[in-house]
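Examination of the molecular architecture
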Amino acid sequence: MIHSLLAIYYREMLIMRRRLTRLVPSWSVSPLLYLIAFGYAMGKHVAIDGHSYMEFLIPGLIAMNSMTQAFAIASEINIARFYWHIFEEIQAAPVSDFSYVAGEVLAGITRAMLSTCVILILGLMFGVVLSCGFMFWLGVFLNSFVFASLAVALAMLVKSHGDQVLLTSFVITPMAFLGGTFFPLQNFPVWGQNLIHILPITHAAKVIRAASLNNPLPIYSYLVLVITGAVFFIIAVVCVKRAKD
């Protein structure tokens, strides 16, 4: 099982290595624009809970970017399914459903981790130094695990590569802007806060921001991410099994 898992992961890493010179700039453009427009231009004189808006914004960008990059593994899966027909070859190989999902999820997590490093470097360029201890990286890992698992599950459900774009628009984009990435959740009415707390990205932003700013850690949010990721992973395994059938 370990060998087949590593084979799936290694394949994705080979593809990413070939595209790395294009991926790194793409990981940088959007966060850089957000940092300039929101962090530097609009939030230069704004303070939130004793921290500058830039210090508040960068952990939110890390949560958002690690979510989108982890979820982006769905596009790679769909390209392999619909254009290269790699999925059919995997069906014929002695690769278990668990190994396939684990390999793809691990690839999504790797993409998210690397994109996080890019944002941290951009933050240094703006003079923001965050605390990047174990709990910070655990938060990024769990966030990536949640959305990479969701990506694999949804990739097995879509019928064409174009459908994947719709999923990104209706699932990922709303969460990116409503999960406390750009503004404090306290600015919402109570009913809005309750709804937003259903979103896993909200908990990811909370744990990453708390860990990076040395604030008290919301252990409850870590548990939510662990449980949500495990549920999505199990659903992904079931979806892969059904896609094979």
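Structure: see above.
Residue positions are given per chain, counting from 1 as you read along its sequence in written order. Since the coordinates come from a predicted model, pLDDT governs what is reported: local features require at least 70, and pairs of side-chain atoms require 80 or more to be given and counted, while whole-chain, interface and lining totals use all residues. Hydrogens and water are ignored here; the side-chain numbers use all heavy atoms of the structure.

**Re the overall build of the chain**
As a reminder, the rule being used: For helices the rule is a DSSP run of H or I covering at least 4 residues; for strands it is a run of E covering at least 2, with both sets numbered from the N terminus onward. For this measure, only C-alpha atoms enter the radius of gyration; the expected value for a globule follows 2.2 Å times N^0.38, where N is the number of residues. Note on exposure labels: buried denotes an accessible area under 20% of the residue type's maximum, exposed denotes more than 50%, and partly exposed covers the range between, all computed with a 1.4 Å probe on protein chains only. Only heavy atoms matter for contacts: two residues are in contact if any of them lie within 4.5 Å across the pair. Surface accessibility in these figures is a Shrake-Rupley result with a 1.4 Å probe; residues are shielded only by whichever protein chains are displayed.
Summing up its helical and strand segments, the chain has 10 helices and two strands in all. Helices (α) and strands (β) of the chain occur, in sequence order from the N terminus, as α-β-β-α-α-α-α-α-α-α-α-α. Whereas a compact globule of 245 residues would reach a radius of gyration of roughly 18 Å, the chain reaches 18 Å, a difference of no more than 12%. Taking the principal axes of the C-alpha coordinates as reference, the chain spans close to 60 × 40 × 35 Å. Taking all 245 residues of the chain together, 51% fall into the buried category. Considering only residue pairs separated by 6 or more positions, the chain has 79% of its internal contacts joining residues 24 or more positions apart. Total accessible area on the chain is roughly 11,800 Å²; 70% of this is exposed by carbon and sulfur atoms.

**A look at the nonpolar core**
As a reminder, the rule being used: Residues belong to a common nonpolar core when they are buried Ala, Val, Leu, Ile, Met, Phe, Trp, Tyr or Cys residues joined through side-chain atoms within 4.5 Å.
Residues Ile62, Tyr100 and Phe147 are the most contacted members of the largest nonpolar core, which totals 74 residues. By residue number, the principal contributor to this core is helix H6 (residues 134-157), which donates 14 residues. Discounting residues that sit within four places of it in the chain, Ile62 has contacts with Thr116, Ile119, Leu120, Leu130, Phe136, Val140 and Ile208.

**Description of the packing of H6 against helix H9 (residues 200-212)**
Rule in force here: What counts as an axis is a line fitted to C-alpha atoms, over the stretch in contact for a helix, and the angles between N-to-C directions run from 0 to 180 degrees. Roughly parallel means an angle under 35 degrees; roughly antiparallel means over 145; roughly perpendicular covers 65 to 115; every other angle is labelled oblique. Each crossing is labelled by how the near helix is turned from the far one, with a counterclockwise turn of less than a right angle marking it left-handed and a clockwise turn marking it right-handed. Three classes are used, and their members are as follows: Ala, Val, Leu, Ile, Met, Phe, Trp, Tyr, Cys and Pro are nonpolar, Asp, Glu, Lys and Arg are charged, and the others, Gly among them, are polar.
Direction vectors running N to C along H6 and H9 enclose 165 degrees, while the axes themselves pass 8 Å from each other. In this view, H6 runs roughly antiparallel relative to H9, as classed from their interaxial angle. The way H6 lies across H9 gives a crossing that is left-handed. Facing H6, whose interface residues are Met135, Phe136, Gly139, Val140, Asn143, Val146 and Phe147, H9 presents Pro200, Ile201, Ala204, Val207, Ile208, Ala211 and Ser212. Residue classes in the contact of H6 with H9 are distributed as 11 nonpolar, three polar and no charged.

By themselves these figures say nothing about function.
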